[in-house]
Amino acid sequence: KLLYYLSKYLVIQLVLTFHGGMIALGYEWGSTNHLNPKDKSPDDTANRHIAVLMREFAGKFNNNNLYPFAPINSIVYPVAGGMEDWFYAAGWDNNNNRND
């Protein structure tokens, strides 16, 4: 319920999640209604710039590589109802993410 109330009463500008089992910086799109890895969110350029800054700030990890970054649907996998896309676009994305 907490996430529902946060999304109802606040404007969410950035959502960070930690994905267990992999190392990546992922951002919108990641839902099943945006399956094409080349499908870009309206804020893709801004998200990419933020990811670049986060990667530079984080530095290299133990195998001397920088964090990879990309939209979630191309770097992880599409998820129906994922938190990132829900907070980002649930109020205006007309290609809703239903499974009916």
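What you see is a predicted model, and the numbers here were worked out from it, not measured in a lab. (Residues numbered from 1 in each chain as written. Predicted model: local features only at pLDDT ≥ 70, side-chain atom pairs only at ≥ 80, totals over all residues. Heavy atoms only, no water.)

Draft legend 1. Structural context of the pattern of salt bridges. Inspection of the entire model under this criterion finds one salt bridge. Between Asp44 and Arg48 there is a salt bridge whose closest N-O contact spans 3.1 Å. Taken together, the residues Asp44 and Arg48, both in helix α2 (residues 44–58) and four residues apart, mark about one turn of the helix. (Salt bridge = Lys/Arg side-chain N within 4 Å of Asp/Glu carboxyl O. Helix = DSSP H or I, 4+ residues; strand = E, 2+ residues; numbered from the N terminus.)

Draft legend 2. A look at unusual backbone geometry. Following Glu28, the chain continues into Trp29 via a peptide bond in cis, with omega recorded as 5°. Here Trp29 is to be found in the loop between β1 (25–27) and α2.

Draft legend 3. Structural context of the side chain of Asn47. Looking at where Asn47 falls in the secondary structure, it is placed in helix α2. Of note is the side chain of Asn47, whose polar atom sits 2.9 Å from the side chain of Glu28. Other than its neighbours up to four places away in sequence, Asn47 contacts Tyr27, Glu28 and Ser41. (Polar contact = N/O pair within 3.5 Å; in protein donor to acceptor, adjacent residues only side chain to side chain. Contact = heavy atoms within 4.5 Å.)

Draft legend 4. Just the side chain of Ser41, in detail. Mapped onto the secondary structure, Ser41 falls in the loop between β1 and α2. Judged by its relative accessible area of 5%, Ser41 is buried. Sequence-distant contacts of Ser41, that is, excluding residues within four places in its chain, are made with Glu28, Trp29, Asn47 and Tyr88. (Buried < 20%, exposed > 50% of the residue type's maximum accessible area, 1.4 Å probe, protein only.)

Draft legend 5. Expanded view of a nonpolar patch on the surface. A cluster of nonpolar side chains, Leu2, Leu3, Tyr4, Tyr5, Leu6, Tyr9, Leu10 and Met83, forms an exposed patch at the surface whose accessible area comes to about 820 Å². Here the element with the most residues in the nonpolar patch is helix α1 (residues 2–9); it accounts for six residues. By secondary structure assignment, the location of Leu6 is in helix α1. (Patch = residues over 30% accessible without salt bridge, like charges linked within 9 Å, V, L, I, M, F, W, Y side chains within 5 Å. Areas by Shrake-Rupley, 256 points an atom, 1.4 Å probe, with all protein chains shown as cover.)

Draft legend 6. Structural detail: α2. With 15 residues, α2 extends 21 Å between its outermost C-alpha atoms, agreeing within 8% with the 21 Å of an ideal straight helix rising 1.5 Å per residue. If you check which residues of α2 are buried, you get Asp44, Asn47 and Ala51. On an axial view of α2, the arc spanned by its buried residues comes to 60°, and they lie on one face. Relative to its buried face, α2 has exposed residues pointing more than 90 degrees away, namely Leu53, Glu56 and Phe57. Next to the buried residues of α2 lie β1 and β2 (69–71). Two residues or fewer after α2 comes Gly59, characterised by a positive phi angle close to 75°. (Expected span 1.5 Å × (residues − 1). Arc of directions from axis to C-beta.)

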